Amino acid sequence: MSNTKKLIAVVGATGHQGGAVVRALRASGQFKVRALTRNPAKYPQLADAQLANEVVLADLNRPETLKAAFAGAHGVFLVTNFQEAGTDERKQALAAVHAAKDAGVQHFIWSTLPNVETISRGKLDVPHFTGKAKIDRIVTEAGFAHHTFVIAPFFYQNLVGVLAPQKQADESMGWAIPLDPDKRVIHMGDITELGPIVVGAFAQPELAGHGEHLPLVGDFLSFNEVIGTLNQQGHKFSFTQVPPELFAGWFPGAKEITEMLAYFEAHTYLGADSRDAIALATRVAGRQPTKFATWARENFAIPAPA
């Protein structure tokens, strides 16, 4: 029976998104899983833990590796990492799309983001959003039998990672960022739950295989609501709204974050009324994404009493 299962090739299988997709595909039992990574020997646990049927070399910067990576695959999930130095996401995506098309892939799923340039009419510049959005057209025009776009949210995990609370001037722990904390603008979610949306799309191409955009959204909050939730759970976090021009010079990359937060304020994370798309994503996944309060209770350590 297992030999009749369709094979899905997952690019970036060791990252946040690709890893979530690998785990969800394996858990579903509906597909065979080929985990793709630039260094298969470094990640034997993918096969040892029976997360993947195969672990295969694939390097988006070396298109010649993609022919074997996609050979025999029914579906491909693609995500690119803008944070890697020197990454040309458009070039990488073009290589993957062409290789997948040549390999006869039937269903291509691309992890994208909103087009800030279009939504803001050129007023705001958030390259790591817009760069991904511009690849949508490449995927659409490739002519796959089925194609789907998934949209990752603001990760809950950011709040214990790259945007974890820091010690402030008044000795409190909290955040100092250029964002109106009262505006409900942040579409958030547990990135590990992207997997069920991708699996659902592969399993139901008639429902979500015609260019649908499927955002993962567990909650839609203001920053004050984020902090209020955390403080109700026993924390004592603070918030300071700082001027954008000040924040933009604090560290490398701060200017783009400033633009991104300005985009959130003006248009929200998803950039438009996305209730129908969110509802479809939930239907495709067959489950409600986890709310922030539930996730935070399990992932933010409560400080011990002084």
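See the structure above.
As a convention, each chain's residues are numbered from 1 in the sequence order in which they are written. Reporting in this predicted model follows two pLDDT cut-offs: at least 70 for local features of residues, and 80 or more for side-chain atom pairs to be given and counted; totals over whole chains, interfaces and linings ignore these cut-offs and use all residues. Values shown for side chains rest on all heavy atoms present in the structure; no hydrogens or waters enter the calculation.

**Q** Tell me about the packing of aromatic side chains, residues and numbers included.
**A** Only Phe, Tyr and Trp rings take part, Trp by its six-membered ring, and two of them pair if their centres are within 6.5 Å. Stacked means planes under 30 degrees apart, edge-to-face means over 60, and tilted covers everything else. Evaluation of the coordinates by the stated rule reveals 17 aromatic pairs. Arranged with centres 5.0 Å apart and planes meeting at 15°, the rings of phenylalanine 108 and phenylalanine 144 form a pair that is stacked. Here phenylalanine 108, found in strand β5 (residues 107-112), pairs with phenylalanine 144, found in the loop between α7 (136-141) and β6 (146-151); they are 36 residues apart in sequence, far enough to count as distant. As far as burial versus exposure is concerned, phenylalanine 108 and phenylalanine 144 are alike and both buried. Of the aromatic side chains, those joined through ring pairs into one cluster are Tyr156, Trp175, Phe223, Phe237, Phe239, Phe292, Trp295 and Phe300. Here, a charge over a ring means that NZ of Lys or CZ of Arg falls within 6 Å of the ring centre while also lying within 35 degrees of the ring normal. The ring of phenylalanine 144 has lysine 101 sitting right over it, with the charged end atom 5.6 Å from the ring centre. Strands here mean DSSP runs of E at least two residues long; helices mean DSSP runs of H or I at least four residues long; both are numbered from the N terminus. Per-residue accessibility, obtained with a 1.4 Å probe over protein chains only, is compared with the maximum for each type, and a residue is labelled buried under 20%, exposed over 50%, and partly exposed between these values.

**Q** Before we move on, can you summarise the packing of helix α10 (residues 223-232) against helix α14 (residues 292-299) with the specific residues and values?
**A** The relative placement of two packed helices comes down to the angle between their axes together with the axis-to-axis distance. Geometry is summarised by axes, namely lines fitted to C-alpha atoms with helices restricted to the contacting stretch, and by angles between N-to-C directions that run from 0 to 180 degrees. As a packed pair, α10 and α14 sit with axes 10 Å apart at the nearest point and diverge in direction by 50°. Between α10 and α14, the interaxial angle falls into the category oblique. Handedness of the α10/α14 crossing: right-handed. Between α10 and α14, the residues in contact are Val226, Thr229 and Leu230 and Phe292, Ala293 and Ala296, respectively. Tallied by class, the residues present in the contact of α10 with α14 amount to five nonpolar, one polar and no charged. Roughly parallel refers to an angle under 35 degrees, roughly antiparallel to one over 145, roughly perpendicular to one between 65 and 115, and oblique to any angle outside these ranges. For any helix crossing, the convention is left-handed if the near helix is rotated counterclockwise from the far helix by under a right angle, and right-handed if that rotation is clockwise. Every residue pair with non-hydrogen atoms within 4.5 Å of one another is taken to be in contact. Residues were grouped as follows: Ala, Val, Leu, Ile, Met, Phe, Trp, Tyr, Cys and Pro as nonpolar; Asp, Glu, Lys and Arg as charged; and all remaining residues, including Gly, as polar.

**Q** Residues and numbers for the pairing of strand β1 (residues 6-10), please.
**A** By the criterion of burial, β1 is predominantly enclosed, with four of the five residues buried. Direction of pairing for β1 relative to strand β2 (residues 31-37): parallel, over a ladder of five bridges. Directly across from alanine 9, in β2, lies its bridge partner arginine 34. With the strands aimed away from the viewer, a crossover counts as right-handed if its path from the first strand over the helix to the second runs clockwise. The handedness of the β1 to β2 crossover, carried by helix α1 (residues 16-28), is right-handed. Between any two strands, pairing holds if DSSP finds at least two bridges.

**Q** How would you sum up the nonpolar core? Please name residues and give values.
**A** We call a set of buried residues a nonpolar core when its members are Ala, Val, Leu, Ile, Met, Phe, Trp, Tyr or Cys and they connect through side-chain atoms within 4.5 Å of each other. Phe129, Leu159, Met188, Phe223, Phe264 and Phe292 are the most contacted members of the largest nonpolar core, which has 38 residues in total. Taken together, the elements giving at least two residues each to this core come down to β9 (173-177), β10 (186-189), α10, β13 (237-241), α12 (254-267) and α14. Looking at this core, the element that brings in the most residues is α12, giving five residues. Those residues in contact with phenylalanine 264 that sit more than four places away from it in its chain are Phe129, Val185, Ile186 and Tyr269.

**Q** Could you give an account of the side chain of threonine 268, with specific residues and numbers?
**A** In this fold, threonine 268 is placed in the loop between α12 and α13 (275-285). Judged by relative accessible area, which is 17%, threonine 268 ranks as buried. Look past the residues within four positions of threonine 268 in its chain and what remains in contact with it is Val185, His187, Phe220 and Tyr263.

**Q** Got a sec to walk through unusual backbone geometry? Specific residues and values, please.
**A** The backbone of arginine 121 shows a phi angle near 55°, a positive value even though the residue is not glycine. Position of arginine 121 among the secondary structure elements: in the loop between α5 (116-119) and α6 (127-133). By relative accessible area, which is 78% here, arginine 121 ends up exposed. A positive phi angle is found at glutamate 171, which is not glycine, with a value near 75°. You can see glutamate 171 is positioned in the loop between β8 (166-167) and β9.

**Q** Tell me about the environment of proline 114, residues and numbers included.
**A** With respect to the helices, strands and loops of the structure, proline 114 is situated in the loop between β5 and α5. Taking the C-alpha atoms as reference points, proline 114 and alanine 272, 158 residues apart in sequence, are found 9.3 Å from one another. Not counting the four nearest positions on each side in its chain, proline 114 is found in contact with Ile119, Phe129, Thr130, Ala133, Ile151, Tyr263, Tyr269 and Leu270.

**Q** Any chance you could break down the side chain of glutamate 212 for me, citing the residues and the numbers?
**A** Summarising the element assignment, glutamate 212 is placed in strand β11 (residues 210-215). Here glutamate 212 sits buried without a salt bridge, and the closest side chain of opposite charge, arginine 283, lies 9.6 Å off (N-O distance). Under this definition, polar contacts are N or O atom pairs within 3.5 Å; protein pairs additionally need one hydrogen-donor-capable and one acceptor-capable atom, and for neighbouring residues in sequence, both atoms have to be side-chain atoms. In this structure the side chain of glutamate 212 is engaged in a polar contact, spanning 3.2 Å, whose partner is the backbone nitrogen of glycine 209. Ignoring anything within four residues of it in the chain, the contact list for glutamate 212 reads His147, Thr148, Phe149, Leu207 and Leu280. Charge counting follows a simple rule: Lys and Arg are positive, Asp and Glu are negative, and His as well as the terminal groups are ignored. Salt bridge criterion: a side-chain nitrogen from Lys or Arg within 4 Å of a carboxyl oxygen from Asp or Glu.

**Q** Please set out a nonpolar patch on the surface residue by residue, giving values where relevant.
**A** A contiguous nonpolar patch, built from Leu246, Trp250 and Phe251 and spanning about 300 Å² of accessible area, is present on the exposed surface. Relative to the helices and strands, phenylalanine 251 is located in the loop between α11 (244-247) and α12. Under the relative-accessibility criterion, phenylalanine 251 is labelled partly exposed at 37%. Patch definition: residues with relative accessible area over 30% and no salt bridge; like charges joined within 9 Å; nonpolar side chains (Val, Leu, Ile, Met, Phe, Trp, Tyr) joined within 5 Å. Note on areas: these come from Shrake-Rupley sampling with a 1.4 Å probe, and a residue is covered only by the protein chains present in the view.

**Q** Break down helix α8 (residues 194-203) for me, citing the residues and quoting the values.
**A** Most of α8 is tucked away: nine of the 10 residues are buried. Regarding α8, the residues found buried are Leu194, Gly195, Pro196, Ile197, Val198, Val199, Gly200, Ala201 and Phe202.

**Q** Quick one: what's the story with the pairing of β10, residue by residue and with numbers?
**A** Side chains Ile186 and Met188 of β10 all project onto a buried face; the interleaved residues His187 and Gly189 project onto the opposite face, where all are buried too. In terms of strand pairing, strand β7 (residues 154-155) meets β10 through two bridges, oriented parallel. In the sheet register, phenylalanine 155 faces β10, and the bridge partner there is glycine 189. Across three bridges, the pairing between β10 and strand β12 (residues 219-221) is antiparallel. Looking at β12, one finds that methionine 188 is bridged to aspartate 219.

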